[in-house]
2 protein chains.
Amino acid sequence: MSARTIAQIGEFTLIDQIEKMLPSGLTADLLTGIGDDTAVLDWRDGRAMLITCDIQIENQHFRRQHISFEQLGRRAMTVNLSDIAAMGGTPRFALVSLGLPDALLETNIVDLYQGMQAALAPWNARIIGGNMSRSQSDVIIDITMIGEALATQVIRRSGANPGDHIWISGFPGVSAAGFQLLEHYGNRVPTDLTPYVRAHQIPIARNELGQALATCGFVTAMIDISDGIAGDLNHVCERSGVGALLHETKLPVPPGFQRVSELVSMSGPELALHGGEDYELLFTVAAGTPAHALVEIGNALNISLTSIG
Amino acid sequence: MSARTIAQIGEFTLIDQIEKMLPSGLTADLLTGIGDDTAVLDWRDGRAMLITCDIQIENQHFRRQHISFEQLGRRAMTVNLSDIAAMGGTPRFALVSLGLPDALLETNIVDLYQGMQAALAPWNARIIGGNMSRSQSDVIIDITMIGEALATQVIRRSGANPGDHIWISGFPGVSAAGFQLLEHYGNRVPTDLTPYVRAHQIPIARNELGQALATCGFVTAMIDISDGIAGDLNHVCERSGVGALLHETKLPVPPGFQRVSELVSMSGPELALHGGEDYELLFTVAAGTPAHALVEIGNALNISLTSIG
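Residues numbered from 1 in each chain as written. Chains lettered and ligands numbered in written order. Predicted model: local features only at pLDDT ≥ 70, side-chain atom pairs only at ≥ 80, totals over all residues. Heavy atoms only, no water.

A.B. asks: How should I be thinking about the environment of Ile308 of chain B in this particular structure?
C.D. replies: Residues and elements named next belong to chain B. Here Ile308 shows up in the segment after β10 (305–307). Here Ile308 falls in the buried class, since its relative accessible area comes to 0%. Taking the C-alpha atoms as reference points, Ile308 and Ile168, separated by 140 residues in sequence, lie 7.0 Å from one another. (Helix = DSSP H or I, 4+ residues; strand = E, 2+ residues; numbered from the N terminus. Buried < 20%, exposed > 50% of the residue type's maximum accessible area, 1.4 Å probe, protein only.)

Following this line, the structure appears as structure tokens:
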């Protein structure tokens, strides 16, 4: 091992290396360890506990001038709700670790918690612990989320088979486009492009969809698109030991995407494949499953589902 | 609510206020919510799951020049092991969120994980998930720890009764004194004071002691001394609805403490009462319990236990 920096070797290589250092066997209590959207523990009565954590750091994941504290609270929670969604689970409990600069206002923190609670409310999920600490200048939010699912219905990254079709929910790239619009225009983003900005500020986790896909019986693997389609599809391929053929022309294109991609000087596929932070679900479907079965699930929840490979 | 900053209102007041915003009721799954060393969930077969998280931020909790990455990993894990100890539990699983500046070396991260695993090894506990993110300049480590205990043997902050005696393990103030020695002398701390420096660099969580105290039957409340005796005793009093009388003269004094306190220009009681980060256990014992019963528990584990109030 040489004296390479993290930047030189890259996040994913580093994660692979760390994973090799850690014990990987499963036990009666541990049903899935490192390497999926969440770890899975045995709970009771046939239930599995899904557990995940995700850190959001100012100027890495968000800028304070682009997002209110209420939105930031929602967003930080949604990032974790989405990992529960990707396993097909229901959110239950959250723990919140905060690093807060001294100069923040009391009202900022109250807004932050209101945002977090608003994101949990549809699931009747609750904050049950956490801690606060001072930070030098950046707001840091690390949330641990606990969800549940029937142990027999948990969908993992590792279940894809050769011949499966690849599907995606929503319009990946919209959140990254919104972030770029904010970077270019600040609070003067053209009003007809507000939906893009909203997708960055208030992303929605696909928990209802995740549950429907987990129970429908023909979804073999699933992941949330937090790193962009390219990276996350690659995770599924690695875990499942399969290859993937993606049809770039099949990527779903939202209204106005062409114009936005010109405004921010990034191509549509670049935004969709590498943008990340969309919190849509990418999933594989057993070969031979009729497309209309998927479309019906999407229609029932008013979420567009697209076969992309 | 006025536009006060966090610094103006203080961490504990802010936490109290946030707690009031959050729902507090318990359910079949949730046995203890916010306000203890860990949250407690029902697991199965009479077991309780203890869950907690704690964030460590560079230049707030540690300085990179005072501690190696291996030590930092141990320390960040120990902070969380200690919360499990304070409930009387056994560590089982950990999730690790990291914020890492680009310029860190690959070897730094490997050392960090080796330190974390070394801290978990005595309990056969394992890292089962986490995430890595870039940070601007500071190393950020947030760990979520899952422990277990028999549901009937969990010791909470809220169990103290009027007339109980207050006991403490080890020598609180030693870690803070070690930190101050490093601040004053850097790597030229007098060698006979190395144990102080070690107490800051490699604190030990009291899980064996916590388990022994939880099962002995006469401990009514327990907390770990991460904020210093004064603050943490106050937490027990608030949760238990009792007052406390502390005998400052009874505080245990380690060898050389007088000299160290002169070297760093802080009084012994100041270090012990407000220093924090010792990860010793403070606990209350039912009135009438013979002192020798406690002393025997301490002797068996080679840990000094002292009645302080």
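A.B. asks: Just to check I follow, could you spell out helix α7 (residues 207–216) of chain A for this structure?
C.D. replies: Given 3.6 residues to a turn, an α-helix orients residues that are three or four positions apart in the same direction. Residues and elements named next belong to chain A. Taken together, the buried positions of α7 are Asn207, Leu209, Gly210, Leu213 and Ala214. Across the axial projection of α7, the buried residues extend over an arc of 155°, all falling on one side. Of the residues flanking the end of α7, it is Gly217, one or two places downstream, whose phi is positive at about 95°. (Arc of directions from axis to C-beta.)

A.B. asks: Please clarify how the nonpolar core should be interpreted in this entry.
C.D. replies: Nonpolar side chains in soluble globular proteins tend to end up buried together. Ranked by internal contacts, the top residues of the largest apolar core, which has 39 residues, are Met77, Ile109, Tyr113 and Ile127 of chain B. By size, the runner-up hydrophobic cluster in this structure holds 38 residues, among which are Met116, Ile127 and Met132 of chain A together with Ile9 of chain B. (Core = buried A, V, L, I, M, F, W, Y, C linked by side-chain atoms within 4.5 Å.)

A.B. asks: Any chance you could explain the side chain of Ser169 of chain B here in plain terms?
C.D. replies: Residues and elements named next belong to chain B. With respect to the helices and strands, the residue Ser169 is situated in strand β7 (residues 165–169). Here Glu280 takes part through its side chain, which lies 2.5 Å from a polar atom of the side chain of Ser169. Looking at Ser169, its side chain comes within polar contact range of the main-chain nitrogen of Leu281, at 2.9 Å. Once you skip the residues sitting within four places of it in the chain, Ser169 turns out to touch Arg206, Leu209, Glu280, Leu281, Phe283, Ile303, Ser304 and Leu305. (Polar contact = N/O pair within 3.5 Å; in protein donor to acceptor, adjacent residues only side chain to side chain. Contact = heavy atoms within 4.5 Å.)

A.B. asks: What is the right way to look at the pairing of strand β2 (residues 39–42) of chain B in this model?
C.D. replies: Remark: a regular strand shows side chains that alternate across the two faces of the sheet. Residue and element names in this part refer to chain B. Here β2 shows two buried faces, one formed by Ala39 and Leu41 and the other by Val40 and Asp42. Where strand β1 (residues 30–32) meets β2, 2 bridges bridge the pair, whose relative direction is antiparallel. The residue bridging Leu30 from the neighbouring strand is Leu41, located in β2. Taking the residues between adjacent antiparallel strands as the criterion, β1 and β2 are bridged by 6 residues, where Gly35 takes a positive phi near 110°. In the sheet, β2 pairs with strand β3 (residues 47–57) via 4 bridges, with the strands oriented antiparallel. Directly across from Ala39, in β3, lies its bridge partner Ile51. The antiparallel hairpin formed by β2 and β3 contains 4 residues in its connecting segment, where Asp45 sits at a positive phi of about 55°. (Pairing = 2+ DSSP bridges.)

A.B. asks: Help me understand the relation of the copies chain B and chain A, please; the structure alone is not making it clear to me.
C.D. replies: Both copies of the chain are related by a screw-like operation: a rotation about an axis and a shift along it. When chain B is fitted onto chain A, the two copies agree to an RMSD of 0.0 Å after a turn of 180° and an axial shift of 0.0 Å. Both chain copies can therefore be described as sitting about a two-fold axis. Interface residue correspondence from chain B to chain A reaches 100%, placing this contact among same-surface, isologous pairings. (Least-squares fit on C-alpha atoms with pLDDT ≥ 70 in both.)

A.B. asks: Sorry if this is basic, but what is going on with the sheet that holds β10 of chain B here?
C.D. replies: The strands making up a sheet are joined through hydrogen bonds of the backbone, oriented either antiparallel or parallel. All names here are of chain B. Strands sit in the order β8-β9-β7-β10 across an open sheet of 4 strands; the sheet is antiparallel. At either end of the open sheet lies a strand with only one pairing partner, and these are β8 (219–224) and β10. The average undirected angle you get between the axes of adjacent strands in this sheet is 25°. Relative to strand β9 (residues 281–285), β8 runs antiparallel, the two sharing 5 bridges. Each residue of the ladder has a partner; that of Ile223, found in β9, is Leu282. (Axes fitted to C-alpha atoms, helices over the stretch in contact; angles between N-to-C directions.)

A.B. asks: Is there a simple way to explain the interface of chain B and chain A in this structure?
C.D. replies: Interfaces are often described in size by the accessible area the parts lose on coming together. Contact with chain B, which involves 77 residues of that partner, is made by 77 residues of chain A. Where chain B abuts chain A, roughly 6400 Å² becomes buried across the two surfaces, and 63% of that area is made up of carbon and sulfur atoms. Inspection of the region where chain B meets chain A yields 10 salt bridges. Across the pair Asp29 of chain B and Arg92 of chain A runs a salt bridge, and its minimum N-O distance is 2.8 Å. Remark: the boundary between chain B and chain A carries 35 residue pairs in polar contact (both at pLDDT 80 or more). Among the elements of the structure, α1 (6–9), α2 (11–21), β2, β3, β4 (90–101), α4 (106–120), β5 (126–135) and β6 (140–150) of chain B are those that each provide at least two residues to the side of chain B that touches chain A. (Buried area = accessible area lost by both parts, 1.4 Å probe. Salt bridge = Lys/Arg side-chain N within 4 Å of Asp/Glu carboxyl O.)

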